[in-house]
Amino acid sequence: MSEHTKRTLVAALDNALHAHRTGDLAHAAALYREILESDPINADAPHQYGLIAHQRGDHMDAIGLTRRAIGSDYFRFRDGYRNRHMNVILLFGDCGRDVRAEYLRS
């Protein structure tokens, strides 16, 4: 990945995080999706996108995206790795028995 592409992705993530913090979830989600298309091993975008899915009540996607972030080799060497594991546990707690059962079957 070129330095220009890396800088562009960092800027896109900064913009997505700003949109997310200010409540513009649709714009933030679109930016996270674009980041994932350009950088499939990015760990920050699926985690943040998973938080949006959770905020919208789409618990299956939230858990899947958070687990994708955890599975990123890049992410394993960064701060917050353990926190992502805790987030999956909390997501399971929030989503209810039916969703947990459906997820475990998938």
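One can find the structure itself at the top, above this paragraph.
It should be emphasised that the depicted structure is a prediction, and the values quoted were computed from it without experimental measurement. (Residues numbered from 1 in each chain as written. Predicted model: local features only at pLDDT ≥ 70, side-chain atom pairs only at ≥ 80, totals over all residues. Heavy atoms only, no water.)

What follows covers the nonpolar core. Counting residues in hydrophobic clusters, the biggest one holds 15 residues, and the most contacted among them are Ala28, Tyr32, Ile35, Ala45, Tyr49 and Ile52. Taken together, the elements giving at least two residues each to this core come down to α1 (3-21), α2 (25-38) and α3 (44-55). It is α2 that contributes the most residues to this core, six residues altogether. Tyrosine 49 has contacts with Ala29, Tyr32, Arg33, Leu36 and Leu65, leaving out every residue within four places of it along the chain. (Core = buried A, V, L, I, M, F, W, Y, C linked by side-chain atoms within 4.5 Å. Buried < 20%, exposed > 50% of the residue type's maximum accessible area, 1.4 Å probe, protein only. Helix = DSSP H or I, 4+ residues; strand = E, 2+ residues; numbered from the N terminus. Contact = heavy atoms within 4.5 Å.)

The next point concerns the pattern of salt bridges. When their charged atoms lie close together, side chains carrying opposite charge are able to pair. Enumeration over the complete set of coordinates arrives at one salt bridge. In this structure, the salt-bridge partner of glutamate 3 is lysine 6, at a minimum N-O distance of 3.6 Å. Pair noted here: glutamate 3 and lysine 6 are both in helix α1, with a separation of three residues, about one helical turn. Look at glutamate 3 and you get partly exposed, because its relative accessible area is 49%. Residue classification places lysine 6 among the partly exposed positions, given a relative accessible area of 38%. (Salt bridge = Lys/Arg side-chain N within 4 Å of Asp/Glu carboxyl O.)

With 14 residues, α2 should reach 20 Å at 1.5 Å per residue; the first-to-last C-alpha distance of 20 Å fits that figure. Taken residue by residue, α2 has Ala28, Ala29, Leu31, Tyr32, Ile35 and Leu36 as its buried positions. Around the axis of α2, the buried residues are gathered within 165° of arc, so they sit on the same side. (Expected span 1.5 Å × (residues − 1). Arc of directions from axis to C-beta.)

Turning our attention to the side chain of threonine 66. Counting through the fold element by element, threonine 66 comes out in helix α4 (residues 59-71). Here threonine 66 falls in the buried class, since its relative accessible area comes to 1%. A distance of 2.8 Å separates the side chain of threonine 66 from the backbone oxygen of alanine 62, its partner in a polar contact. (Polar contact = N/O pair within 3.5 Å; in protein donor to acceptor, adjacent residues only side chain to side chain.)

Now for the packing of α3 against α4. Pairs of packed helices are described in terms of their axes, by the angle between the two and the distance that separates them. It is the contact of α3 with α4, at a shortest axis distance of 8 Å, that shows an interaxial angle of 165°. Put simply, α3 runs roughly antiparallel to α4. Crossing of α3 against α4: the hand is left-handed. Two secondary-structure elements touch here, α3 through Pro46, His47, Tyr49, Gly50, Ala53 and His54 and α4 through His59, Asp61, Ala62, Leu65, Thr66, Arg68 and Ala69. Considered class by class, the residues forming the contact of α3 with α4 number six nonpolar, five polar and two charged. (Axes fitted to C-alpha atoms, helices over the stretch in contact; angles between N-to-C directions. Parallel < 35°, antiparallel > 145°, perpendicular 65-115°, else oblique. Left-handed = near helix turned anticlockwise from the far one by under 90°. Nonpolar A, V, L, I, M, F, W, Y, C, P; charged D, E, K, R; others polar.)

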